[in-house]
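Listed below, chain by chain, are the residues.
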Amino acid sequence: MRLAIDVMGSDQGPRAIVEGSARAVVERPELELVLFGPCQHLVAELARLPRPLAAATSRLELRDAPQSVEQDSTLAWALRNGGDTSMTAMLRCVASGEAAAGVSAGNTGALVALARREVGMLEGLSRPAISTSVPAGRGQRCYLLDLGANVDSPPVRLVDFALMGAAMAQCVDGIARPAVGLLNVGHEAMKGSACVREADRMLGERAEAFGIDYRGYVEGGEIYRGELDVVVCDGFVGNITLKASEGLTRMLVERVQATFESRLCGRLASLLVRPLLRQLKQELNPVRYNGASLLGLKRSIVKSHGSTQADGFYHAIERALREASLNLPARVDALLRERGLAAAPPRMAVR
């Protein structure tokens, strides 16, 4: 399978992206990657690869893209001048069908806008949503969306997010009737903005037709209990929730480790629990969950953290490969038609 990679635009520069890409093809014999960026940078980074990854070069195809969308580039600049950038070249490669999916660690706003233009939206949807899964109780995971593609979302778009998230849970996890919650500041009917209250009304009225188990309002702590498959919010709230959760996870793991190492008895006890601590740290490591899907597009595009290192980008590639293997956009489209948009009342245009 072939994937397209935007090498430029991350906080770490191209080295982490190239190294993560090399690791992916070494561990996945069926995988080929097309790397987009200034050719001289790509060649230089390939030459710096550690010896164990040197064999990857035969399955890394380089495509020259002289410009890049920087993290501080404005959306207007990207739309006007982004035609020769590595990000646009990657998206066009995916849109043409040459690659099954694409991955970028570049500017989020630019990626969403350019993907919408170059790849296109599924019928009936106006904007993509950024979604990822977060670890939850009972060994479950919960899909959270939107995570920043749409900072301010009207009620009809929040309903779209619920349907897209439910379709993701159905396709990836095989959950026939996903449990969906709407993130709010409380469970009471009068809580939240007018937009959230209207979305709650729409979801409550159409839950059966949508094929979802709608649980109504949920608070932030309920994301991690393992009782919900999908939690819906606008991009402003979702992005803050995700980043705060990642920071809290890192702090807790470090505190537990420091507590064991601070005293002699703790150091002795740590010898016994070290395998468990190592397992816990691995399970909760945000790097493992790097890579968020741009749901609602006609093709699979995955957004990696801009600050990710090689290991994190490797996991973003793994996510893109999994989505491409599932033919996720086509399956989401079919489920939305069957259980969502076809059953929904007439929709007003959203600008």
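Residues numbered from 1 in each chain as written. Predicted model: local features only at pLDDT ≥ 70, side-chain atom pairs only at ≥ 80, totals over all residues. Heavy atoms only, no water.

### Describing the pattern of salt bridges
Okay, step 1: By the definition in use, this model includes 22 salt bridges.
Okay, step 2: For Arg2, the salt bridge is made with Glu32, and the minimal N-O distance between the two is 3.3 Å. Of this pair, Arg2 sits in strand 1 (residues 2–6) while Glu32 is found in strand 2 (residues 32–37), placing the two residues 30 residues apart along the sequence.
Okay, step 3: With a closest N to O distance of 3.4 Å, Arg177 and Glu208 form a salt bridge. Taken together, the residues Arg177 in the loop between helix 6 (155–173) and strand 7 (179–183) and Glu208 in helix 7 (residues 194–210) connect sequence positions 31 residues apart.
Okay, step 4: Each of Arg2, Glu32, Glu61, Arg63 and Glu98 takes part in salt bridges that share partners, so that together they form one network. (Salt bridge = Lys/Arg side-chain N within 4 Å of Asp/Glu carboxyl O. Helix = DSSP H or I, 4+ residues; strand = E, 2+ residues; numbered from the N terminus.)

### Quick word on the environment of Asp11
Okay, step 1: Locating Asp11 in the fold gives a position in the loop between strand 1 and helix 1 (14–27).
Okay, step 2: Separated by 60 residues in sequence, Asp11 and Gln71 have C-alpha atoms that sit 7.5 Å apart.
Okay, step 3: Once residues lying within four places of it in the same chain are set aside, the contact partners of Asp11 are Gln71, Gly306 and Ser307.
Okay, step 4: For Asp11, the side chain forms a polar contact with the main-chain nitrogen of Ser307, separated by 3.5 Å. (Contact = heavy atoms within 4.5 Å. Polar contact = N/O pair within 3.5 Å; in protein donor to acceptor, adjacent residues only side chain to side chain.)

### Considerations on a nonpolar patch on the surface
Okay, step 1: Taken together, the side chains of Val151, Phe236, Val237 and Ile240 make up a nonpolar region of the molecular surface, amounting to roughly 360 Å² of accessible area.
Okay, step 2: Relative to the elements of secondary structure, Phe236 occurs in helix 8 (residues 235–261).
Okay, step 3: On the basis of relative accessibility, which here comes to 51%, the residue Phe236 falls in the exposed class. (Patch = residues over 30% accessible without salt bridge, like charges linked within 9 Å, V, L, I, M, F, W, Y side chains within 5 Å. Areas by Shrake-Rupley, 256 points an atom, 1.4 Å probe, with all protein chains shown as cover. Buried < 20%, exposed > 50% of the residue type's maximum accessible area, 1.4 Å probe, protein only.)

### A word on the packing of helix 4 (residues 86–95) against helix 5 (residues 108–118)
Okay, step 1: Packing of helix 4 against helix 5 brings their axes to within 10 Å, and their N-to-C directions diverge by 35 degrees. Taken as a pair, helix 4 and helix 5 cross one another with a handedness that is right-handed. For the pair helix 4 and helix 5, contact is made by Met87, Thr88, Met90, Leu91, Arg92 and Ala95 and by Ala110, Leu111, Leu114, Ala115 and Glu118, respectively.
Okay, step 2: By residue class, the composition of the contact of helix 4 with helix 5 is 8 nonpolar, 1 polar and 2 charged. (Axes fitted to C-alpha atoms, helices over the stretch in contact; angles between N-to-C directions. Left-handed = near helix turned anticlockwise from the far one by under 90°. Nonpolar A, V, L, I, M, F, W, Y, C, P; charged D, E, K, R; others polar.)

### Side note on the sheet that holds strand 10 (residues 292–295)
Okay, step 1: In space, the 11 strands of this open sheet follow the order 3-2-1-4-11-10-5-6-9-7-8, with mixed pairing throughout. Looking at the sheet topology across the chains shown, the edges are occupied by strand 3 (60–64) and strand 8 (213–218). In this sheet, adjacent strand axes meet at a mean angle of 25 degrees when their direction is disregarded.
Okay, step 2: Across 4 bridges, strand 4 (residues 101–104) lies against strand 11 (residues 300–303) in parallel orientation. Along strand 11, the bridge assignment pairs Ala101 with Ser300.
Okay, step 3: Where helix 4 meets the sheet, it contacts strand 1, strand 2, strand 4 and strand 11, and its direction lies at approximately 165 degrees from that of strand 1.
Okay, step 4: Seen against the sheet, helix 7 touches strand 7 and strand 8 and runs at an angle of roughly 160 degrees to strand 8. (Pairing = 2+ DSSP bridges.)

### Description of the packing of aromatic side chains
Okay, step 1: Counted according to the given criterion, the structure contains 0 aromatic pairs.
Okay, step 2: A cation over an aromatic ring shows up here: Arg23 above the ring of Tyr314, its NZ or CZ 3.7 Å from the ring centre. (Phe/Tyr/Trp six-rings, centres within 6.5 Å; stacked < 30°, edge-to-face > 60°. Lys NZ or Arg CZ within 6 Å of the ring centre and 35° of its normal.)

### Describing the nonpolar core
Okay, step 1: One finds Leu91 and Ile301 to be the most contacted residues of the largest nonpolar core, which totals 70 residues.
Okay, step 2: At 11 residues, helix 6 tops the list of elements feeding residues into this core.
Okay, step 3: Core analysis: the next-biggest nonpolar cluster, separate from the first, contains 29 residues, Leu53, Ala101, Ile317 and Ala324 among them. (Core = buried A, V, L, I, M, F, W, Y, C linked by side-chain atoms within 4.5 Å.)

### Observations concerning the side chain of Ser68
Okay, step 1: Within the fold, Ser68 resides in the loop between strand 3 and helix 3 (75–81).
Okay, step 2: Classification of Ser68 by relative accessible area gives buried; the value is 15%.
Okay, step 3: For Ser68, the side chain forms a polar contact with the side chain of Glu70, separated by 2.6 Å.
Okay, step 4: Setting aside anything within four residues of it in sequence, one finds Ser68 in contact with Met8, Trp77, Thr85 and Ser86.

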